[in-house]
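Okay, here's what each chain looks like letter by letter:
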Amino acid sequence: MTKLFEWLAVFGVLGAVWLSLVNNKIECALIKQHPTLILFSPVIFLALFGFYAATVVLYRVFTFNNCEKAAAELQEEIQEARTELTKLGFQFKDNHD
Amino acid sequence: MGDEIETTKDKYSILLPTYNEVENLPIIIWLIIKHMKDSGHDYEVIIIDDGSPDGTQDAAKQLQKIYGEDKIILKPREKKLGLGTAYIHGMKHATGNFIIIMDADLSHHPKFITQFIEKQKSKNYDVVSGTRYVGDGGVSGWDFKRKLISRGANFLTQLLLRPGASDLTGSFRLYKKDVLEKLIKSCVSKGYVFQMEMIVRARQLRYTVGEVPITFVDRVYGESKLGGSEIFQFAKALLYLFATT
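Residues numbered from 1 in each chain as written. Chains lettered and ligands numbered in written order. Predicted model: local features only at pLDDT ≥ 70, side-chain atom pairs only at ≥ 80, totals over all residues.

Caption draft 1: Representation of the overall build of chain B. Within chain B, the regular secondary structure consists of eight helices and nine strands. Rg of the C-alpha trace for chain B: 18 Å, near the compact-globule value of 18 Å for 245 residues, within the 12% margin. Over its C-alpha atoms, taken along the principal directions, chain B stretches across nearly 55 × 50 × 35 Å. The burial tally for chain B puts 44% of its 245 residues in the buried class. Summarising the internal contacts of chain B: among those between residues at least 6 apart in sequence, 84% fall at separations of at least 24. (Helix = DSSP H or I, 4+ residues; strand = E, 2+ residues; numbered from the N terminus. Rg over C-alpha atoms; globule rule 2.2 N^0.38 Å. Buried ≥ 20, exposed ≤ 12 C-beta atoms within 10 Å, placed from the backbone. Contact = placed C-beta atoms within 7 Å.)

Caption draft 2: How the structure looks around the interface of chain A and chain B. In this complex, chain A contributes 26 residues to the contact, which on the side of chain B involves 31 residues. At the level of secondary structure, the elements contributing two or more residues to the side of chain A that touches chain B comprise helix H1 (3-22), helix H3 (35-62) and helix H4 (68-87) of chain A. Per-element accounting of the side of chain A that touches chain B gives the leading share, nine residues, to H4 of chain A. Grouping the constituent residues of the side of chain A that touches chain B by class yields 15 nonpolar, five polar and six charged. (Nonpolar A, V, L, I, M, F, W, Y, C, P; charged D, E, K, R; others polar.)

Caption draft 3: View of the pairing of strand E7 (residues 173-176) of chain B. Residues and elements named next belong to chain B. Two elements, strand E4 (residues 98-101) and E7, share four bridges in a ladder whose sense is antiparallel. Along E7, the bridge assignment pairs Ile100 with Leu174. Relative to E7, strand E5 (residues 127-131) runs antiparallel, the two being bridged by three bridges. In the sheet register, Ser129 faces E7, and the bridge partner there is Arg173. (Pairing = 2+ DSSP bridges.)

Caption draft 4: How the structure looks around the sheet that holds strand E2 (residues 42-49) of chain B. Residue and element names in this part refer to chain B. Spatially, the seven strands line up as an open sheet ordered E3-E2-E1-E4-E7-E5-E8, and their pairing is mixed. Across the chains shown, the open sheet's two edge strands, defined by having one partner strand only, are strand E3 (72-74) and strand E8 (209-213). Ignoring which end each strand starts from, the neighbouring axes of this sheet average 20 degrees apart. By the bridge criterion, eight bridges tie strand E1 (residues 11-18) to E2 in an arrangement that is parallel. Residue Thr18 lies in a different strand from E2, and its bridge partner there is Asp49. Taken strand by strand, helix H4 (residues 111-123) contacts E1, E4, E5, E7 and E8, and its axis lies near 145 degrees from that of E8. (Axes fitted to C-alpha atoms, helices over the stretch in contact; angles between N-to-C directions.)

Caption draft 5: Here's a closer look at the packing of helix H7 (residues 193-204) of chain B against helix H8 (residues 228-244) of chain B. All names here are of chain B. Their axes nearest at 10 Å, the elements H7 and H8 cross at an angle of 20 degrees. Accordingly, the angle class assigned to the pair H7 and H8 is roughly parallel. Taken as a pair, H7 and H8 cross one another with a handedness that is right-handed. Between H7 and H8, the residues in contact are Val193, Met196, Glu197 and Val200 and Gln233, Phe234, Ala237 and Leu241, respectively. Looking at the contact of H7 with H8 residue by residue, the classes come out as six nonpolar, one polar and one charged. (Parallel < 35°, antiparallel > 145°, perpendicular 65-115°, else oblique. Left-handed = near helix turned anticlockwise from the far one by under 90°.)

Caption draft 6: Examining the domain arrangement of chain A more closely. Its domain assignment divides chain A into domain 1 (3-64) and domain 2 (73-97). For domain 1 of chain A versus domain 2 of chain A, the distance between C-alpha centres works out to 58 Å. (Domains from an automatic or database assignment.)

Caption draft 7: Here's a closer look at the UniProt feature "coiled-coil region" (unreviewed entry) in chain A. Here the UniProt feature "coiled-coil region" (unreviewed entry) sits at residues 64-91 of chain A. Overall, residues 64-91 of chain A shows 71% helix and 0% strand. The separation of its end C-alpha atoms is 39 Å. (UniProt positions renumbered as here; feature names shortened; annotations may be inferred.)

Caption draft 8: Molecular detail of the UniProt feature "transmembrane region" (unreviewed entry) in chain A. Under the local residue numbering, the UniProt record ascribes the feature "transmembrane region" (unreviewed entry) to residues 40-59 of chain A. In this annotation, residues 40-59 of chain A is assigned 100% helix and 0% strand; the end-to-end C-alpha distance for the span is 29 Å.

Caption draft 9: Layout of the UniProt feature "domain: Glycosyltransferase 2-like" (unreviewed entry) in chain B. When the UniProt feature table is mapped onto this chain numbering, "domain: Glycosyltransferase 2-like" (unreviewed entry) sits at residues 13-183 of chain B. For residues 13-183 of chain B, helix accounts for 44% and strand for 19%, while the C-alpha atoms at its two ends are 17 Å apart.

Caption draft 10: Highlighting the nonpolar core. Judged by nonpolar contacts, the single largest core of 72 residues is most densely connected at Ile14 and Ile100 of chain B. The element that contributes the greatest number of residues to this core is helix H1 (residues 24-39) of chain B, accounting for nine residues. (Core = buried A, V, L, I, M, F, W, Y, C linked by C-beta atoms within 7 Å.)

Caption draft 11: Structural detail: helix H2 (residues 56-67) of chain B. Residues and elements named next belong to chain B. End to end, H2 covers 16 Å across 12 residues, agreeing with the expected 16 Å (1.5 Å per residue, within 8%). Considered for burial, the residues of H2 that qualify are Thr56, Ala59, Ala60, Gln62 and Leu63. Within H2, the buried residues cover an arc of 160 degrees as seen down the axis, which keeps them to one side. The first or second residue beyond H2 is Gly68, which carries a positive phi of 100 degrees. (Expected span 1.5 Å × (residues − 1). Arc of directions from axis to C-beta.)

Caption draft 12: Geometry of the confidence of the model for chain A. Scored by pLDDT, chain A has a mean of 90; 96% of the residues are at 70 or more. Mean pLDDT across the secondary structure elements of chain A bottoms out at helix H2 (residues 29-33) of chain A, with 76, and peaks at H4 of chain A, with 95. (pLDDT = per-residue confidence, 0-100.)

As structure tokens, then:
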């Protein structure tokens, strides 16, 4: 089963439950008391999920490691490599130093 | 009877696809040799240069003279032909039973290769993938926008594909040779989204994937690419994989 069909299956089931609730196919006191809540529940879930997604993504952006140490080390290693390679007879095409 | 000699027959073939990397190539080779020598693993580096006009191949030939033609193998192609075929081309000449693929632009540090090898050995993984998104992994030289796009795209991918790997577009990985051969055959995408398809197909084919946190230092020399067309390619590949895997 592809991911697309997994999603369609889950949304199909959820949609069917929602439709039967909206159309009063299932008897339940709670539903009768909050008809608008049921009607708008997909939108509410979507908004909540959007909020969750935005929070997670932003949190991960701000906690994304800045590898400054790795970058600095690399710069040093580049110098070291250039020096050693020159000693070994390597001719660099240009002079960066 | 007597001395037990520890012989590991494992050999690691490091594939380096290059295009205009004349400045980076000597540095990356020097780093690879330094770290692989220290680790004691058997290895070779295969440079697949796609006809760079900047003299990358001359630099490679100089490096062959310094380090030996058994360690540095140059397998150029006439023109730019894409990553997937570069790996196929390189693999044809690889004598190792493991293949390591990495970028030659210094964004991937060879010091992680030994960690990849240890990780692979720990659970006999079919694939070991470097990840920027977990543990000590990270990036250097990225601004807020770049990080946001990266994290957003990664969140969306994890949600839609549940790939079982945290870094899909990274291209610093170790593969068992036969696994890489099978994966390449099953992949259809081109360009950098090819990396994403490889890991998704790996899950589909029930290969095991281990992860090692890596630091990604954005291109020191040369320009980094992330434009509208990359985002479009990514979205297209994501939808394609969503509908077909």
